[in-house]
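Coordinates in review
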Amino acid sequence: MDTDLAARIHRAAHLTGTFRLRSGVTTDEYFDKYRFESDPVLLRDVGAAVAALVPDGADALAGLELGGVPVAVVVAQVTGLPALFVRKRAKEYGTCRLAEGGEVAGRRLVVVEDVVTSGGQILASTAELRALGAVVDTAVCVVDRESGGRESLAAQGIELRAAVTATELRATAG
Ligand SMILES: O=P(O)(O)OC[C@H]1O[C@H](OP(=O)(O)OP(=O)(O)O)[C@H](O)[C@@H]1O
Ligand SMILES: O=C(O)c1cc(=O)[nH]c(=O)[nH]1
């Protein structure tokens with residue numbers, strides 16, 4: 001873990017207040033990924049840290065709408081792997097695709113996510129990608145909130161690799 005990068009992420013993105021999370025849980029702490037994704041220098045460094053987690057043998061990245069997409073784009077730039085952009089729901093017109101940018105069937109995809117809490121979004125998207133014929137066994141993310149996501153993903157055969165944990169981010173605040 002890069003302590004300086006963790007401090008920069010914490011400074012940019014750590015919010016306090018009352019927040020309802022995707023999982024339905026209410027918390028007093030939030031990591032606003034858009035705050036580190038909208039800073040071009042920080043996003044590049046975050047992307048480089050996530051790129052270092054991508055396993056050998058991947059055919060493509062699968063960035064999850066919305067916050068996973070900017071990270072996936074930078075990881076694609078660093079690794080040279082193509083990126084797919086995975087919607088929460090397939091479009092209902094035009095190409096009607098769930099995953100934009102390329103084929104899914106028969107490819108080994110690495111899921112790219114911003115923040116992981118329960119792992120619910122990765123589980124849902126992975127199930128859809130697998131149903132379309134993808135092989136998915138690894139997900140990479142910027143922040144692991146250490147709220148059961150790693151365990152839930154492991155139970156479905158997905159290894160979670162995170163650039164930083166919430167504990168590491170909090171530690172930078174002193
Ligand atoms: O691990 P989980 O419990 O699933 O929670 C984490 C998910 O929730 C947030 O997404 P959000 O729904 O806010 O979507 P966005 O990226 O479209 O803003 C976050 O970006 C992850 O996708
Ligand atoms: O679980 C979530 O919904 C969530 C947590 C968090 O810290 N940041 C975020 O963007 N989403």
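Residues numbered from 1 in each chain as written. Chains lettered and ligands numbered in written order. Predicted model: local features only at pLDDT ≥ 70, side-chain atom pairs only at ≥ 80, totals over all residues. Heavy atoms only, no water.

**Topic: the site of ligand 2**
Around ligand 2 sit Leu21, Arg22, Tyr30, Phe31, Lys33, Val115, Thr117 and Arg145, and those are all the residues in its vicinity. Residue phenylalanine 31 places a main-chain N or O atom 2.7 Å away from a nitrogen atom belonging to ligand 2. A per-class count over the shell around ligand 2 returns four nonpolar, one polar and three charged. (Near = heavy atom within 4 Å. Polar contact = N/O pair within 3.5 Å; in protein donor to acceptor, adjacent residues only side chain to side chain. Nonpolar A, V, L, I, M, F, W, Y, C, P; charged D, E, K, R; others polar.)

**A closer look at the packing of helix H3 (residues 40–51) against helix H4 (residues 68–79)**
Packing of H3 against H4 leaves a shortest axis separation of 8 Å and a crossing angle of 65 degrees. The orientation of H3 with respect to H4, classified from their angle, is roughly perpendicular. Crossing of H3 against H4: the hand is right-handed. Judged by residue contacts, Leu43, Arg44, Gly47, Ala48, Val50 and Ala51 of H3 engage Pro70, Val71, Val74, Val75, Val78 and Thr79 from H4. Here the residues of the contact of H3 with H4 sort into nine nonpolar, two polar and one charged. (Axes fitted to C-alpha atoms, helices over the stretch in contact; angles between N-to-C directions. Helix = DSSP H or I, 4+ residues; strand = E, 2+ residues; numbered from the N terminus. Parallel < 35°, antiparallel > 145°, perpendicular 65-115°, else oblique. Left-handed = near helix turned anticlockwise from the far one by under 90°. Contact = heavy atoms within 4.5 Å.)

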